[in-house]
Amino acid sequence: MEGEPRASRSLNPVHPHVSQDPQRIGSATRMPGEIDKPLISHHLVDSDGSLAEPPVGALKVGILGSGDFARSLATRLVGSGFSVVVGSRNPKRTAGLFPSSAQVTFQEEAVTSPGIIFVAVFREHYSSLCGLSDQLAGKILVDVSNPTEQEHLRHLESNAEYLASLFPTCTVVKAFNVISAWTLQAGPRDGNRQVPICSDQPEAKRTISEMVHAMGFMPLDMGSLVSAREVEAMPLHLLPAWKVPALLALGLFVCFFAYNFTRDVLQPYVQEGKNKFYKLPVSVVNTTLPCVAYVLLSLVYLPGVLAATLQLRRGTKYHRFPDWLDHWLQHRKQIGLLSFFCAALHALYSFCLPLRRSHRYDLVNLAVKQMLTNKSHLWVEEEVWRMEIYLSLGVLALGTLSLLAITSLPSIANSLNWREFSFVQSTLGFVALVLSTLHTLTYGWTRAFEESRYKFYLPPTFTLTLLVPCVIILAKGLFLLPCFSRRLTKIRRGWEKDGAVKFTLPADSILAEKTSHV
Ligand code: NAP
């Protein structure tokens, strides 16, 4: 084939040289699961610790650029059994920074023999490489570049497509941009393993995929070069799925903190002249965190209730939910994890409460007061029971929430089947909500009915937090009634009120219900 990259011939899947001479491309023969290898193979390291010469006949790979990425890449390639030649504008200055077995030379010389050339320079310098067009013709150029956010917005064409337009006689493959120079050096165990790859030439893509394997990473086929823009945007994302949930949690925290501050600090200061500002760092934070955790947990289950209500009203599941509800449903995992985070912090803060100096002074003062009033035995049976039950329910709720958090880890979630996963997330999640509600109710006890608890006419904070969870628990109870549950089950199995899909439920409708979810 005209212009077929040389390297793709030598790394063909049925590579004769791979089976005949395994040393030839070193770890290039390794399978995807074998990435727990040391960064540098033992036979490639000299007795003095430096990188030894590559094996005879090792595949030669070129790198243009001698910066941070080029250095890490060269080290990794040499360690994986490749022969490396680096092209620099000033090889004398940079040669000492590379492994001794890598050849560092001028750009023109470096690109002469290898069939695969990594372009480790920034986009704005691509055009300075145009003088190498003739030597590069027919070769694979691997674009490893990452645009900045502004560059990504400014250029409609990806860096890889731009490189391809400058070198039409080359095959451009986008790869390695999501791997940092640090990960390349430290090895895949210390960072991201996946390497998204895209190119218009399947053969070149396969060649680079094999190199990725050989270097201990996992190639991920992203299709043709038009996907390069998407691949280049990957390192620019900053926890996109967490933005809204984190803002929601922060917003709730600020609101509840302000509310608790007004009730617990401002009111005593204004109305009684008491300085309770010392409560801000621990006490007020610790009254705010459970409110946030509890409301967030209820917000995990509210969209499911809204979705079920919509389906019941519309009599079909084939109408799209409004966008806001769709987004909300998609963010439930993150909201749940943030709820767990706040609950765990609440538990830690609660453990620290007795360590505070203010608490010790309060205890001593109480004891002295007892002595003065000649009351030697303080024991309120109702309070004792309330506290025991309250604490126990709190620990149980946190334990159940921990299970939810653990099962949302991809490695654990992957080991569960759909029914197990939905049992934990749906049923156990709802149990956690009920336990948290009981925990809140035992905390509140009769306080909602005591006039003295209404500071500045503001009701105790826990009464506010109970609102949404109680609506959810009530709605879930209603959906269990046969008139609603049968209709919901039918709808989720495809039945439509006014549509063509009509059927009667199978006798074992309970099983049908268990396999159908919002
Ligand atoms: P760097 O340290 O600044 O190195 C860039 C290299 O480009 C220079 O060392 C220079 O080598 C070479 N170059 C060639 N022509 C040039 C010119 N006309 N003007 C200036 N320099 C020229 O940058 P880097 O961190 O290695 O990044 C290189 C590429 O890798 C970038 O596209 C970056 O987006 C990508 N990348 C980097 C990382 C990372 O962690 N650093 C991760 C993923 C992707 P000579 O002077 O020897 O010619």
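Relevant structure appears above.
In this report, we go over the structure that sits alongside the text. Only a predicted model underlies this, so the values are computations on that prediction, with no experimental measurement involved. (Residues numbered from 1 in each chain as written. Predicted model: local features only at pLDDT ≥ 70, side-chain atom pairs only at ≥ 80, totals over all residues. Heavy atoms only, no water.)

**Some remarks on the packing of aromatic side chains**
Enumeration according to the criterion identifies 10 aromatic pairs in this entry. Relative to F217, the ring of F176 has its centre 6.4 Å away and its plane inclined at 85°; by these criteria the two rings are edge-to-face. Within this pair, whereas F176 is found in the loop between β6 (171-174) and α9 (181-186), its partner F217 is found in the loop between α10 (202-214) and β8 (218-221), the two being separated by 41 residues in sequence. The same class applies to F176 and to F217, which are both buried. One aromatic cluster is present, built from ring pairs that chain together F118, F176 and F217. (Phe/Tyr/Trp six-rings, centres within 6.5 Å; stacked < 30°, edge-to-face > 60°. Helix = DSSP H or I, 4+ residues; strand = E, 2+ residues; numbered from the N terminus. Buried < 20%, exposed > 50% of the residue type's maximum accessible area, 1.4 Å probe, protein only.)

**Considerations on the pattern of salt bridges**
If you walk through the whole model with that rule in mind, you get 11 salt bridges. Bridged by salt links that share partners, the residues D143, K174 and E232 form one connected network. (Salt bridge = Lys/Arg side-chain N within 4 Å of Asp/Glu carboxyl O.)

**Quick word on the pairing of strand β1 (residues 60-64)**
Looking down a regular strand, the side chains alternate between one sheet face and the other. With four of its five residues buried, β1 lies for the most part within the structure. Bridge count for β1 against strand β2 (residues 83-88) is five bridges, and the pairing is parallel. In the sheet register, K60 faces β2, and the bridge partner there is S83. Handedness of the crossover joining β1 and β2 through helix α3 (residues 68-79): right-handed. (Pairing = 2+ DSSP bridges. Right-handed = clockwise from strand over helix to strand, strands pointing away.)

**Quick look at the sheet that holds β6**
With respect to topology, eight strands assemble into an open sheet ordered β3-β2-β1-β4-β5-β6-β7-β8, the strand pairing being mixed. Two strands in the sheet have a free side with no partner beyond their single neighbour: β3 (103-106) and β8. The mean inter-strand angle of the sheet, taken between neighbouring strand axes irrespective of direction, is 30°. With four bridges joining them, strand β4 (residues 116-119) and strand β5 (residues 140-143) adopt parallel strand pairing. When the bridges of β5 are listed, F118 appears paired with V142. Sheet contacts for α3: β1, β2 and β4; angle to β1, the most-contacted strand, approximately 170°. The sheet strands contacting α10 are β1, β4, β5, β6, β7 (194-199) and β8, and the helix crosses β7 at an angle near 165°. (Axes fitted to C-alpha atoms, helices over the stretch in contact; angles between N-to-C directions. Contact = heavy atoms within 4.5 Å.)

**Overview of the nonpolar core**
Within the largest apolar cluster, 43 residues are counted, with the highest numbers of intra-cluster contacts made by L252, L296 and L299. Those elements that place two or more of their residues in this core are α12 (243-272), α13 (280-314), α14 (323-330), α15 (332-352), α17 (381-407), α19 (418-444), α20 (461-479) and α21 (482-492). If one sorts the elements of this core by residue count, α13 sits on top with 17 residues. Every residue in contact with L252, bar those within four places of it in the chain, is listed here: V292, V295, L296 and L299. In terms of nonpolar packing, the next biggest core, distinct from the first, is built from 36 residues, A70, V78, V86 and A120 among them. (Core = buried A, V, L, I, M, F, W, Y, C linked by side-chain atoms within 4.5 Å.)

**Quick look at α13**
Between its terminal C-alpha atoms α13 stretches 49 Å, which fits the 51 Å expected from 35 residues at 1.5 Å a residue. The sharpest bend along α13 comes to roughly 30°, located at N286, with the proline P290 sitting one to four residues further on. Taken from the residues just after α13, G315 is the one with a positive phi, measuring 70°. (Expected span 1.5 Å × (residues − 1). Bend = angle between axes of the 7 residues up to and from the residue.)

**Some points on the environment of L329**
Locating L329 in the fold gives a position in helix α14. Given the relative accessible area of 13%, L329 is considered buried. Separated by 29 residues in sequence, L329 and V300 place their C-alpha atoms 8.0 Å apart.

**Comments concerning unusual backbone geometry**
A positive phi angle, near 40°, is found at L239, a position not held by glycine. By the element assignment, L239 lies in the loop between α11 (228-233) and α12. By relative accessible area, which is 56% here, L239 ends up exposed. With a phi angle near 55°, F456 is a residue other than glycine that sits in the positive phi range. Mapped onto the secondary structure, F456 falls in the loop between α19 and α20. Judged by its relative accessible area of 29%, F456 is partly exposed.

**Concerning the side chain of K279**
Note on placement: K279 falls in the loop between α12 and α13. Among buried Asp, Glu, Lys and Arg side chains, K279 stands out as unpaired, with D264 the closest opposite charge at 5.6 Å. (Lys, Arg positive; Asp, Glu negative; His and termini not counted.)

**Structural notes on the environment of C255**
Assignment of secondary structure puts C255 in helix α12. Given a relative accessible area of 54%, C255 falls into the exposed group.

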